Amino acid sequence: MLALISRVPAKGRKCTVNLAAERPLGLFCVWAELRIGVRAGERRIRRCLEKSAEELVRLRAVTAVFQEGFEYRDVFLDRGFREAGCEALLTAKAGEIAALAAKRYDRAYLTARRADRQSLHAARTLCESFRYLVLDVPDESFARFEEVCLSLGVTPEPPVRDMPPPDAAVFLCKPRTPVFLPGRCVKLAVEGGGLVKGGREIGRISFVLPEPRRFELPFPQSPILSAAVEAGTVTPDEVTAAAASIV
């Protein structure tokens, strides 16, 4: 269950929390809206935050999405809350994101830990945009990836020392050996970026849902959307990567 945590100003010294159930994209969420008085002291604010954390823990809502600019994030993280990430969404849309950000569409590079549904989907979407695909995957998984790639007219290659430089690289896991990318290469490191040198990070990504599935909440959309993809209440095909820019 997700905890949606926000703050609104209130009059005087009082600090209260309002808990409400929400179902964005079919997810079970608890929205904790903290109403913190503009003249409230630090001790009163701290008690309110601690009480809010206790209530959310009791409800087993310990994966949190915070309102943009929420200044008490550490109070919850120090009590064992985990901030919701975007790994599931980025993995599901990795090939599409890389194609959006790349300037050339000759060669792509992909690392994956196993031939699971999302990794194979990433390979498929890269093959739809790039002429060549270098696969850094376990030897026992290569044949499954190869089958997907060949169906799209792309013959995958294992990484070799003197391979031509890629135009885009997607790291769904840590590469088996350090990877050195040219400056023009765009990279998306869902995991394992520490062994990747060079390249340009894809950092600002926006996503679009069909109109009937859109929701209006004062929280970042991507972590909620990622949780829905992970839970299966939203399919990757329903999500479009609308823009991807370099940081």
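On a predicted model such as this, the values are computed, not experimentally measured, just so you know.

### Focus on the sheet that holds strand S6 (residues 107-111)
At step 1: Pairing is mixed in the open sheet, where six strands are placed in the order S7-S6-S8-S9-S10-S11. Every interior strand has two partners, whereas the edge strands, strand S7 (132-136) and strand S11 (240-246), have only one. Adjacent strand axes in the sheet meet at a mean angle of 30°, parallel and antiparallel pairs treated alike.
At step 2: Sheet topology note: the strand S8 (residues 168-171)/strand S9 (residues 179-189) ladder contains four bridges and is parallel. Note on S9: the bridge partner recorded for Ala169 is Lys187.

### Some remarks on helix H1 (residues 42-58)
At step 1: For H1, spanning 17 residues, the distance from its first C-alpha to its last is 24 Å, which sits close to the expected 24 Å at 1.5 Å a residue.
At step 2: Regarding H1, the residues found buried are Ile45, Cys48, Leu49, Ser52, Ala53 and Leu56. Buried positions in H1, seen along its axis, are confined to an arc of 135° and lie on one side of it. Counted as exposed and oriented over 90 degrees from the buried face of H1: Arg43, Lys51, Glu54 and Arg58.
At step 3: Of the surrounding secondary structure, the elements contacted by the buried residues of H1 are strand S1 (2-10), strand S2 (15-22), strand S3 (29-37) and helix H2 (73-77).
At step 4: Arg60, located one to two residues past H1, shows a positive phi value of around 60°.

### Quick look at the pattern of salt bridges
At step 1: Summed over the entire model, instances satisfying the criterion amount to 15 salt bridges.
At step 2: Residue Glu55 is joined to Arg58 by a salt bridge in which the shortest nitrogen-to-oxygen separation is 3.0 Å. Placement of the pair is Glu55 and Arg58 together in helix H1, with a separation of three residues, close to one helical turn.
At step 3: When its relative accessible area of 25% is taken as the criterion, Glu55 is described as partly exposed.
At step 4: Here Arg58 falls in the exposed class, since its relative accessible area comes to 56%.
At step 5: Several salt bridges share partner residues, and in doing so they unite Arg104, Asp167 and Arg184 into one network.

### Examining the packing of helix H5 (residues 117-129) against helix H6 (residues 142-150)
At step 1: Relative to each other, H5 and H6 sit at 35°, their axes nearing to 9 Å. Crossing handedness for the pair H5 and H6: right-handed. Taking contact as the criterion, the partners of Ser119, Leu120, Ala123, Arg124 and Cys127 in H5 are, on H6, Arg144, Phe145, Val148 and Cys149.
At step 2: In terms of residue class, the contact of H5 with H6 is built from six nonpolar, one polar and two charged.

### Regarding the sheet that holds S2
At step 1: The sheet built from five strands is open, its strands ordered S2-S3-S1-S4-S5 with mixed pairing. A strand with exactly one partner marks an edge of an open sheet, and here the two such strands are S2 and strand S5 (82-83).
At step 2: Taken together, the two bridges between strand S4 (residues 63-66) and S5 define a ladder with parallel strand orientation. If you follow Thr63 over to S5, its bridge partner there is Arg82.

### Re H5
Because an α-helix packs 3.6 residues into every turn, residues spaced three or four apart end up facing the same way.
At step 1: The end-to-end C-alpha distance of H5, which contains 13 residues, comes to 19 Å, matching closely the 18 Å that a straight helix rising 1.5 Å per residue would cover.
At step 2: Listed as buried for H5 are Ser119, Leu120, His121, Ala122, Ala123, Thr125, Leu126 and Cys127.
At step 3: Looking at the packing, one finds that the buried side of H5 touches helix H3 (87-92), helix H4 (94-101), S6, S7, H6 and S8.

### Considerations on the confidence of the model for the chain
At step 1: In the predicted model, the chain carries a mean pLDDT of 92, and 99% of its residues have values of at least 70.
At step 2: Per-element confidence in the chain ranges from a low mean pLDDT of 80 for S11 to a high of 97 for S4.

### Focus: unusual backbone geometry
At step 1: The backbone of Leu25 sits at a positive phi, close to 55°, despite the residue not being glycine.
At step 2: Looking at the element boundaries, Leu25 is found in the loop between S2 and S3.
At step 3: Phi angles above zero are rare outside glycine, and Arg60 is one such case at about 60°.
At step 4: Mapped onto the elements, Arg60 comes out in the loop between H1 and S4.

Analysis parameters
Residues numbered from 1 in each chain as written. Predicted model: local features only at pLDDT ≥ 70, side-chain atom pairs only at ≥ 80, totals over all residues. Heavy atoms only, no water. Pairing = 2+ DSSP bridges. Helix = DSSP H or I, 4+ residues; strand = E, 2+ residues; numbered from the N terminus. Axes fitted to C-alpha atoms, helices over the stretch in contact; angles between N-to-C directions. Expected span 1.5 Å × (residues − 1). Buried < 20%, exposed > 50% of the residue type's maximum accessible area, 1.4 Å probe, protein only. Arc of directions from axis to C-beta. Contact = heavy atoms within 4.5 Å. Salt bridge = Lys/Arg side-chain N within 4 Å of Asp/Glu carboxyl O. Left-handed = near helix turned anticlockwise from the far one by under 90°. Nonpolar A, V, L, I, M, F, W, Y, C, P; charged D, E, K, R; others polar. pLDDT = per-residue confidence, 0-100.

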